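Now for the letters of each chain:
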Amino acid sequence: MNSPIKKADLGFWQLWNLSFGFFGVQIAYALQSANISRIFATLGADPHELSYFWILPPLAGLIIQPIIGTLSDRTWNRFGRRLPYLLFGSILAVIVMALLPNAGSFHFAVGAALIFGAIALMFLDLSINISMQPFKMLVGDMVNEKQKGLAYSIQSFLCNAGSVVGFIFPFVLAWIGVSNIAEGNKVPDSVTYSFYGGVAILIICVIYTFLKVKEMPPKEYAAYHGITQEQNKEKSNFASLLVNAPKVFWTVGLVQFFCWAAFMYMWTYNTGAVAELAFGWSSDQGTQTVNYNEAANWSGILFAVQAIGSVIWAAILPQFKNRKMAYCISLLIGGIGFISTMFFHDKWLLFISYLMVGTAWAAMLAMPFTILTNSISGKHMGAYLGLFNGTITIPQIVAAALGGVIFSMLGGHHQVNMIILAGILLIIGGFSVFFIKETYAEKTAVKTDPYIEEREPF
């Protein structure tokens with residue numbers, strides 16, 4: 001491979017524009033994360049079955065993401081390389097977001113409503129992942145190694161800002177008088193209108209991204225990444241890419257396994273756990289009670305607190321002189337945060353727990369992609385990021401498939417036990433960081449990465 005030319009530094013607003021659309025996409029993701037279990041519980045799902053409804057989305061992502069990544073590596077048209085896929089994913093997300101919260105309003109029987117909801121959730125998660133992936137790829141494509149940490153920190157900030165908006169939407173709408181309960185198996189208006197609001201913001205953000213971001217033409221991209229014409233003609237399949245993947249792909253993937261399994265259990269069981277901890281609810285009361293729906297809104301507030309904690313921690317992370325140390329400590333604090341929920345039975349004290357959880361989320365958004373994109377060449381950036389999505393989706397699939405069994409093994413009555421389990425998984429993930437040894441695919445990376453002198457001691 002030719003030596004890549006040194007990439008010029010980008011201005012702050014150029015870095016900002018590369019990731020701004022993430023704000024709108026993350027609102028959609030936050031609405032999904034905070035409300036899906038509430039929606040399925042409202043449609044009639046049993047707590048022992050809740051995790052099973054989360055299997056289809058990551059399974060679809062596992063299949064489609066490598067395909068999208070590889071296709072985008074080979075794409076170039078007037079819209080760019082990555083942006084056409086952002087457009088496709090966003091259009092699909094808009095359609096599904098308008099349909100999903102109405103699953104209980106189509107006069108289906110309970111079983112049919114749950115099936116419709118599961119299929120809609122699969123397409124929603126699929127579309128959100130298709131929309132998210134271009135932003136990770138754009139940073140890998142266009143930002144030099146010295147600025148990647150800053151670029152992913154900006155992306156993390158916008159991600160968390162979008163999360164805050166998405167998480168508090170139902171709470172704010174209920175506060176201003178929108179109905180927070182509904183009859184039968186219908187979803188409350190506070191949730192339905194939140195999804196509509198998310199659709200509007202997503203459309204605005206996608207339009208902004210298309211107006212402000214200009215991707216590198218193929219020749220400039222090849223020069224920046226040291227890709228020769230012969231290498232451009234080479235064909236690689238997923239199997240060969242995985243066989244030749246840098247070791248860091250697998251060691252970071254190990255850490256990812258514990259992290260994403262932990263957050264899958266948070267998304268699945270958090271509403272029920274918060275209702276049990278702070279609102280005096282038990283599963284035999286049903287999901288149409290006032291206290292359950294108040295807890296569901298408060299769960300969104302706690303997710304927002306987590307996002308705020310993530311923003312604060314993202315500003316602290318660059319102060320660490322050792323990237324792996326920062327990664328490890330972040331996950332350990334987040335794990336302790338999850339476990340601490342068992343001691344708090346006041347809804348306000350739970351803020352402490354979720355601020356701590358935010359430290360893990362900040363590291364999960366930035367560290368893996370910085371470490372991975374440094375270790376791979378620009379030629380296969382999209383394909384490897386697509387394959388790397390398997391380190392996010394496979395843990396979710398495994399966690400969802402085992403969720404009902406584990407819930408029963410832990411007594412089958414208290415959903416807070418699954419939140420404690422999430423904390424244990426994060427702590428294991430934190431210690432797994434010890435297995436990572438960073439590598440660099442492009443020579444300029446070694447000279448520009450501010451962490452390079454500090455990477456050996458840990």
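This is a predicted model, so every value here is computed, not measured. (Residues numbered from 1 in each chain as written. Predicted model: local features only at pLDDT ≥ 70, side-chain atom pairs only at ≥ 80, totals over all residues. Heavy atoms only, no water.)

Here we take up the overall build of the protein chain. Of regular secondary structure, the protein chain possesses 17 helices and zero strands. The buried share of the protein chain, reckoned over its 458 residues, is 62%. Long-range pairs, those at least 24 residues apart, make up 83% of the contacts in the protein chain between residues at least 6 apart in sequence. As presented, the protein chain carries roughly 17500 Å² of accessible surface, and 69% of it is formed by carbon and sulfur atoms. (Helix = DSSP H or I, 4+ residues; strand = E, 2+ residues; numbered from the N terminus. Buried < 20%, exposed > 50% of the residue type's maximum accessible area, 1.4 Å probe, protein only. Contact = heavy atoms within 4.5 Å. Areas by Shrake-Rupley, 256 points an atom, 1.4 Å probe, with all protein chains shown as cover.)

The next subject is empty space enclosed by the protein. Remark: the empty space left among the atoms is shown by a probe the size of a water molecule rolled over them. In the structure shown here, the tally under the stated rule is three cavities of 30 Å³ or more. Estimates place the volume of the largest cavity at around 280 Å³. Every residue lining the largest cavity is counted, 23 residues in all, and those nearest its centre are Met-132, Lys-136, Trp-260, Leu-365 and Ile-392. Listed by contribution, the elements that provide at least two residues to the lining of the largest cavity are helix 1 (12–43), helix 2 (56–73), helix 4 (110–142), helix 5 (145–175), helix 13 (350–375) and helix 15 (390–409). (1 Å grid on protein atoms, 1.4 Å probe; cavity = no way out; pocket = protein on both sides within 12 Å on 5 of 7 lines; lining within 4 Å. Points joined across faces, edges and corners; volume = space filled by probe spheres on them.)

It is the contact of helix 10 (residues 247–278) with helix 15, at a shortest axis distance of 8 Å, that shows an interaxial angle of 50°. Considered as vectors, helix 10 and helix 15 are oriented oblique to each other. Where helix 10 crosses over helix 15, the handedness of that crossing is right-handed. Packed against helix 10, whose contacting residues are Gly-253, Gln-256, Phe-257, Trp-260, Ala-261, Met-264, Tyr-265, Trp-267 and Tyr-269, the element helix 15 presents Thr-391, Ile-392, Pro-395, Gln-396, Val-398, Ala-399, Ala-400, Leu-402, Gly-403, Gly-404, Ile-406 and Phe-407 at the interface. Its residues assigned to classes, the contact of helix 10 with helix 15 comprises 15 nonpolar, six polar and no charged. (Axes fitted to C-alpha atoms, helices over the stretch in contact; angles between N-to-C directions. Parallel < 35°, antiparallel > 145°, perpendicular 65-115°, else oblique. Left-handed = near helix turned anticlockwise from the far one by under 90°. Nonpolar A, V, L, I, M, F, W, Y, C, P; charged D, E, K, R; others polar.)

Of note, Ser-299 is situated in helix 11 (residues 290–316). Its relative accessible area of 0% is what places Ser-299 among the buried residues. As a C-alpha pair, Ser-299 and Leu-350 span 51 residues in sequence and 9.9 Å in three-dimensional space. Discounting residues that sit within four places of it in the chain, Ser-299 has contacts with Asn-270, Thr-271 and Val-274.

This next bit is on the environment of Phe-388. Along the chain, Phe-388 falls in helix 14 (residues 381–388). With 136 residues separating them in the primary sequence, Phe-388 and Val-252 have C-alpha atoms 9.4 Å apart. When residues no more than four places from it in sequence are discounted, the contact partners of Phe-388 are Phe-249, Val-252, Gly-253, Gln-256, Pro-368, Phe-369 and Leu-372.

Now for the confidence of the model for the protein chain. Of all residues in the protein chain, 89% have pLDDT values of 70 or greater, and the mean over the chain is 83. The least confident element of the protein chain, judged by mean pLDDT, is helix 17 (residues 443–448) at 51; the most confident is helix 16 (residues 416–432) at 96. (pLDDT = per-residue confidence, 0-100.)

A few words on helix 2. Because the α-helix completes a turn every 3.6 residues, residues three or four places apart line up on one side. Here helix 2 spans 26 Å end to end across 18 residues, near enough to the 26 Å set by a 1.5 Å rise per residue. Considered for burial, the residues of helix 2 that qualify are Pro-57, Pro-58, Ala-60, Gly-61, Gln-65, Pro-66, Ile-68, Gly-69, Thr-70, Ser-72 and Asp-73. (Expected span 1.5 Å × (residues − 1).)

A few words now on the nonpolar core. Counting residues in hydrophobic clusters, the biggest one holds 138 residues, and the most contacted among them are Phe-40, Phe-263, Trp-267, Tyr-327 and Leu-331. Per-element accounting of this core gives the leading share, 19 residues, to helix 10. Ignoring anything within four residues of it in the chain, the contact list for Leu-331 reads Val-255, Cys-259, Ala-360, Met-364, Leu-426, Ile-427, Gly-429, Gly-430 and Val-433. One finds Ala-60, Tyr-85, Met-122 and Leu-126 within the second-largest nonpolar core, a separate group that totals six residues. (Core = buried A, V, L, I, M, F, W, Y, C linked by side-chain atoms within 4.5 Å.)

Taken as a whole and assessed by the stated rule, the structure comprises 29 aromatic pairs. Ring plane angle 65° and centroid distance 6.1 Å describe the contact between Phe-171 and Trp-298, whose orientation is recorded as edge-to-face. Taken together, the residues span a long stretch of sequence, with Phe-171 in helix 5 and Trp-298 in helix 11 at a distance of 127 residues. Take Trp-298: its relative accessible area is 4%, and that puts it in the buried class. Ring geometry for Trp-267 against Trp-361: centres 6.2 Å apart, planes inclined by 85°, an arrangement best described as edge-to-face. Of this pair, Trp-267 sits in helix 10 while Trp-361 is found in helix 13, placing the two residues 94 residues apart along the sequence. Site record: aromatic cluster; members linked through ring pairs are Phe-12, Trp-13, Trp-16, Phe-20, Phe-23, Phe-157 and Tyr-208. Above the face of the Trp-298 ring, Lys-347 is positioned so that its terminal group lies 4.6 Å from the ring centre. (Phe/Tyr/Trp six-rings, centres within 6.5 Å; stacked < 30°, edge-to-face > 60°. Lys NZ or Arg CZ within 6 Å of the ring centre and 35° of its normal.)

With that settled, the discussion passes to the side chain of Gln-396. Looking at the element boundaries, Gln-396 is found in helix 15. The residues contacting Gln-396, other than those within four sequence positions of it, are Pro-58, Trp-260, Met-264 and Trp-267.

So, about the packing of helix 2 against helix 15. Between helix 2 and helix 15, whose axes approach to 8 Å, the crossing angle comes to 150°. Between helix 2 and helix 15, the interaxial angle falls into the category roughly antiparallel. Crossing of helix 2 over helix 15 shows left-handed handedness. Each of Pro-58, Leu-59, Gly-61 and Leu-62 in helix 2 lies in contact with helix 15, whose residues at this interface are Gly-390, Thr-393, Ile-394, Gln-396 and Ile-397. In terms of residue class, the contact of helix 2 with helix 15 is made up of five nonpolar, four polar and no charged.

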